[in-house]
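The primary structure of each chain is shown beneath.
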Amino acid sequence: MSFSVIFVSLIKAQSNASIKDKIEYIKQFTGFPLGVSVDGALLLHNKVYQNIVANEFNSITAENQMKMYMIHPEKDRYDFAMGDSIVAFAKLHNMRIHGHTLVWFDGMPKWLKNYQGSNKDLERLIKSHIQTVVGHYKGKVYSWDVVNEYLAHNNDSVRKFIIQEKLGNDYMAKCFQWAHEADPNAILIYNEYGMEWSEKKLQGIISIANDFKKRNIPISGLGVQFHLKIFNSNDTIVRVLKELSKTGLKIHISELDMMVNIGKNRANVYTDSLKKVQQEKYVFVFNAYCKYVPDAQKFGITFWNVSDKDTWLRPTYKMIEWPLLFDENYERKQVYQSVLISLKNKTSQ
Ligand code: XIL
């Protein structure tokens, strides 16, 4: 190779490196962990997806792979393969791992849905499930959503399903204690949705948190899913964050996304005006979290999925949606830039 070829390739490598150095990322300006939920198969096989996850985020959550139906598919069999590969990816890229979720009414395997045994036996099985999973990931998974969606859809009553029926309403407190026994260092969180549209639910969550604190149940945080819609009121978003923060617990915006395609007259087009409203609301959510959640309680903000291509909303609601910061080609959207600029302005103030 001639000197000039070596020289040119050196310059090229250098300029690539400096271009990379110059790229700015939202995660540099948050001051708290920025997370994303990932699909295990995409993370294994899609290079573009891997790069975005590794470059743009510093906390990771398995979208489904640690849910009971995946990790404990049969009564006497666990399957940690996919969960382990997500953990390995996170370790390799120095990311925090947030575990989702130990108990969830909607993420149950068949053997549990059809459970016919005694109450005591089920209690033993749930304890053993929690301690096996938390034990397996001890020292690797930093935090757990111990129970997901404990309350009913739109009020403060306890959601009814087999575990609640057989163990009683206090099953959540027991789950926290069992998880704590298995890994005393893990941050344990109660994750919930709907407080942005149900005041009853918000109050219910707060009473549970205060009751747990009084009883020394080892709860460290509250997860507020925030599957938002562009018409959610800013006042309510602020109120939720302020009220939850008063518990003194860590607050995790745990499943952030924002539907734009709503209402009877679904547009099916991502119009400029929808984009604008979405940009403003996303900026608002980040600002509100910075402002109203005390620093020591900022557990982080986690997006639910990486891009509009892999958002859970499309298959779940069988409709087109554009709820995230990356588009179908995994490119940053304008809303990404809006959030970035707003956070940068804040840090330079
Ligand atoms: C969703 C996943 O994204 C989907 O892939 C799966 O089919 C169903 O569950 N609230 C939660 C998440 O706590 O676990 C859900 O994840 C989305 C709603």
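Colleague: Whenever I open this one, the pairing of strand β5 (residues 187-192) confuses me. Can you help?
Modeller: Most of β5 is tucked away: six of the six residues are buried. Judged by which residues are buried, β5 turns out to be covered on both faces: I187, I189 and N191 on one side and L188, Y190 and E192 on the other are all buried. Of the pairings in the sheet, the one linking strand β4 (residues 143-148) to β5 comprises five bridges and is parallel in character. Note that in β5 the partner of S143 across the bridge is I187.

Colleague: When you look at the environment of D211 in this model, what are you seeing that I'm missing?
Modeller: Checked against the element boundaries, D211 lands in helix α11 (residues 199-214). A relative accessible area of 31% means that D211 is categorised as partly exposed. Taking the C-alpha atoms as reference, D211 lies 23 Å from Y292; in sequence the two are 81 residues apart.

Colleague: Could you clarify how one ought to interpret the pairing of strand β2 (residues 59-62) in this entry?
Modeller: Side-chain direction in a regular strand flips from residue to residue, so the side chains alternate between the two faces of the sheet. The side-chain alternation of β2 yields two buried faces, one formed by S59 and T61 and the other by I60 and A62. Of the pairings in the sheet, the one linking strand β1 (residues 34-38) to β2 comprises four bridges and is parallel in character. For V36, the partnering residue across the bridge sits in β2 and is I60. Of the pairings in the sheet, the one linking β2 to strand β3 (residues 96-104) comprises three bridges and is parallel in character. When the bridges of β3 are listed, I60 appears paired with I97.

Colleague: Where do I start with the site of the ligand in this structure?
Modeller: Inspection of the region around the ligand gives E63, N64, K67, H100, W104, N148, E149, Q225, H227, E255, W304 and W312 as its neighbouring residues. Note that an oxygen atom of the ligand is positioned 3.3 Å from one of the side-chain N or O atoms of Q225. Notes on the ligand: free accessible area 410 Å², of which the protein chains cover 79%. Of the residues assigned to the shell around the ligand, the class counts are three nonpolar, five polar and four charged.

Colleague: So what exactly am I meant to see when it comes to the packing of helix α12 (residues 234-245) against helix α13 (residues 272-292) here?
Modeller: Packed helices, taken two at a time, are described by their axes: the angle between them and the distance between them. Direction vectors running N to C along α12 and α13 enclose 25°, while the axes themselves pass 10 Å from each other. As summarised for this structure, α12 and α13 are arranged roughly parallel, according to the angle between their axes. The two elements α12 and α13 cross, and the hand of that crossing is right-handed. For the pair α12 and α13, contact is made by N234, I237, V238, L241, K242 and S245 and by K281, F284, V285, A288, Y289 and Y292, respectively. Looking at the contact of α12 with α13 residue by residue, the class counts come to eight nonpolar, two polar and two charged.

Colleague: I would appreciate a short explanation of helix α10 (residues 171-182) in the present structure.
Modeller: For an α-helix the count is 3.6 residues per turn, leaving residues at separations of three or four pointing the same way. A rise of 1.5 Å per residue sets the reference length of α10, with its twelve residues, at 16 Å; its end C-alpha atoms lie 17 Å apart and thus fit the reference within 8%. Contacts from the buried residues of α10 go to β3, α8 (119-136), β4, α9 (162-167), β5 and α11.

Colleague: Looking at this structure, I do not really get α11. What am I missing?
Modeller: Between the first and last C-alpha of α11 there are 23 Å, a value that for 16 residues agrees with the 22 Å anticipated at 1.5 Å per step. Among all positions in α11, only K201, L202, G204, I205, I206, I208, A209 and F212 are buried. Looking at the buried positions of α11, the neighbouring elements they touch are α10, β5, β6 (221-224) and α12. With its phi angle positive at about 60°, N216 sits one or two positions after the end of α11.

Colleague: Is there a simple way to think about the packing of aromatic side chains in this case?
Modeller: In this description, an aromatic ring pair is defined by two values, namely the gap between the centres and the angle between the planes. Evaluation of the coordinates by the stated rule reveals 20 aromatic pairs. With centroids separated by 5.7 Å and ring planes inclined at 5°, the aromatic side chains of Y78 and F80 adopt a geometry described as stacked. Residue classification places Y78 among the partly exposed residues on the basis of a relative accessible area of 24%. On the accessibility criterion, F80 (15% relative accessible area) is buried.

Colleague: Help me understand the environment of L202, please; the structure alone is not making it clear to me.
Modeller: Locating L202 in the fold gives a position in helix α11. Expressed as a C-alpha distance, the spacing of L202 and R239, which sit 37 residues apart in the sequence, is 9.7 Å. Non-local contacts of L202, meaning those with residues more than four positions away in its chain, are made with M195, R239, V240, E243 and L244.

Reading guide: rules and limits
Residues numbered from 1 in each chain as written. Predicted model: local features only at pLDDT ≥ 70, side-chain atom pairs only at ≥ 80, totals over all residues. Heavy atoms only, no water. Buried < 20%, exposed > 50% of the residue type's maximum accessible area, 1.4 Å probe, protein only. Helix = DSSP H or I, 4+ residues; strand = E, 2+ residues; numbered from the N terminus. Pairing = 2+ DSSP bridges. Near = heavy atom within 4 Å. Polar contact = N/O pair within 3.5 Å; in protein donor to acceptor, adjacent residues only side chain to side chain. Areas by Shrake-Rupley, 256 points an atom, 1.4 Å probe, with all protein chains shown as cover. Nonpolar A, V, L, I, M, F, W, Y, C, P; charged D, E, K, R; others polar. Axes fitted to C-alpha atoms, helices over the stretch in contact; angles between N-to-C directions. Parallel < 35°, antiparallel > 145°, perpendicular 65-115°, else oblique. Left-handed = near helix turned anticlockwise from the far one by under 90°. Contact = heavy atoms within 4.5 Å. Expected span 1.5 Å × (residues − 1). Phe/Tyr/Trp six-rings, centres within 6.5 Å; stacked < 30°, edge-to-face > 60°.

Distances and angles like these do not, on their own, reveal function.
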